[in-house]
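A closer look at the structure
Here's the letter readout for the chains.
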Amino acid sequence: MSLPDIVSRAEWRRAREELLVKEKAATRARDALNAERRRLPMVEIEEEYVFEGGDGKATLLDLFEGRQQLVVHHFVFAPERDAGCRCCSAFLDQVGHLGHLHARGTSFAAVSRAPYRRILPFKARMGWTVPWYSSYGNDFDRDFGVTLEQDGEPAERPGISCFLRDFDRVFHTYSTYGRGLDGLGSTTSFLDLTALGRQEEWEEPEGRASAFGAPAGSERIRYHDEYEE
């Protein structure tokens, strides 16, 4: 096994300070990329997708649960299987308390092609409480690029899609797949993919920190047991 070099504390500190310069540059570049993502145009969703969840049938608008934004995890779970993808499962394991996303007006849900009767026992086995819906029988996964044709058969890949609503109108703002999910799972990492972002005053473009009349994002952070749904 190749291990790091052994040096004195002073040498380590110098090397660390040199790396910190590059880390700060990467942070500034990431902020600029996030701002460019928030400037992407959006597409209105006119298809009437019908999902099945714990409360029965649901539309895409229902998945928002009354909030302004929605982050969908395209969870790979084929209709004929009894268990979901291991990598998607590991990803969902690291998703934190959803109250912090909800405080920023953003909902999170997993969506899979498997029928809900197969999703439910696997969800219980994993101990997850996140909302999870079946897209079985509709074209949601194909339309958003996670179900592809490969040698005449459907092939799936994991993904994340973000949506924004204006009253009853729903818009698609962003999607990413495969390696695009690397590093995601935290509240801020999901918010950075959305049109409204973290809703902080320092973010570009201006005018989205207090979207829909709410205070800036950081002002809404609480201990997770203090949120009132």
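Everything discussed here concerns the structure shown above.
Keep in mind that this is a model prediction, so the values were computed, not measured.

**Quick word on the pattern of salt bridges**
- A full pass over the atoms with the stated rule returns nine salt bridges.
- The shortest N-O distance in the salt bridge between D82 and R118 comes to 2.4 Å. You can see D82 sitting in the loop between β4 (69–74) and α3 (86–93) and its partner R118 sitting in helix α5 (residues 116–126), a full 36 residues away along the chain.
- The shortest N-O distance in the salt bridge between R198 and D192 comes to 2.8 Å.
- According to the relative accessible area criterion, R198 is buried, its value standing at 18%.

**Describing the environment of N138**
- For N138, the location among the structural elements is in the loop between β6 (132–134) and α6 (140–143).
- We classify N138 as buried; its relative accessible area is 18%.
- With 87 residues separating them along the chain, N138 and F51 place their C-alpha atoms 7.9 Å apart.
- Look past the residues within four positions of N138 in its chain and what remains in contact with it is Y49, V50 and F51.
- A polar contact of 2.9 Å, which involves the side chain of N138, links it to the backbone oxygen of V50.
- Reaching out from N138, the side chain makes a polar contact with the backbone nitrogen of F140 at a distance of 2.9 Å.

**Topic: the packing of aromatic side chains**
- Counted by the stated rule, this structure contains 16 aromatic pairs.
- Seen from their ring centres, F122 and W132 are 6.3 Å apart, and the 70° between their planes marks the pair as edge-to-face. Taken together, the positions of F122 in helix α5 and W132 in strand β6 put the pair 10 residues apart, joining distant regions of the chain. Of the two residues, F122 and W132, neither departs from the other in class, the shared state being buried.
- Connected via pairs of aromatic rings, a cluster forms that spans Y49, F51, F140, F144 and F163.
- Just above the ring of W12 sits the side chain of R9; from NZ or CZ to the centre is 5.2 Å.

About the cut-offs
- Here, residues in each chain are numbered from 1, in the same order as that chain's written sequence.
- A pLDDT threshold of at least 70 governs which residues receive local features in this predicted model, and a stricter bar of 80 or more applies before side-chain atom pairs are shown or counted, although totals over entire chains, interfaces and linings include all residues.
- Here the side-chain values reflect all heavy atoms present in the structure, with hydrogen atoms and water set aside.
- Each salt bridge in this description consists of a side-chain nitrogen of Lys or Arg and a carboxyl oxygen of Asp or Glu lying within 4 Å of one another.
- Helix and strand labels come from DSSP, where a helix needs a run of H or I of at least four residues and a strand needs a run of E of at least two; each type is numbered from the N terminus.
- Only protein chains enter the accessibility calculation, which uses a 1.4 Å probe; a residue whose area is less than 20% of its type maximum is buried, one above 50% is exposed, and one in between is partly exposed.
- Only heavy atoms matter for contacts: two residues are in contact if any of them lie within 4.5 Å across the pair.
- Pairing of N or O atoms within 3.5 Å defines a polar contact, subject to two protein rules: one partner must be a possible hydrogen donor and the other a possible acceptor, and residues neighboring in sequence count only if both atoms are side-chain atoms.
- In summary, the pairing rule links any two rings of Phe, Tyr or Trp, Trp by its six-membered ring, whose centres are within 6.5 Å, and it sorts them by plane angle into stacked for under 30 degrees, edge-to-face for over 60 and tilted for everything else.
- Only lysine NZ and arginine CZ atoms are considered, and such an atom sits over a ring when it is within 6 Å of the ring centre and within 35 degrees of the ring normal.

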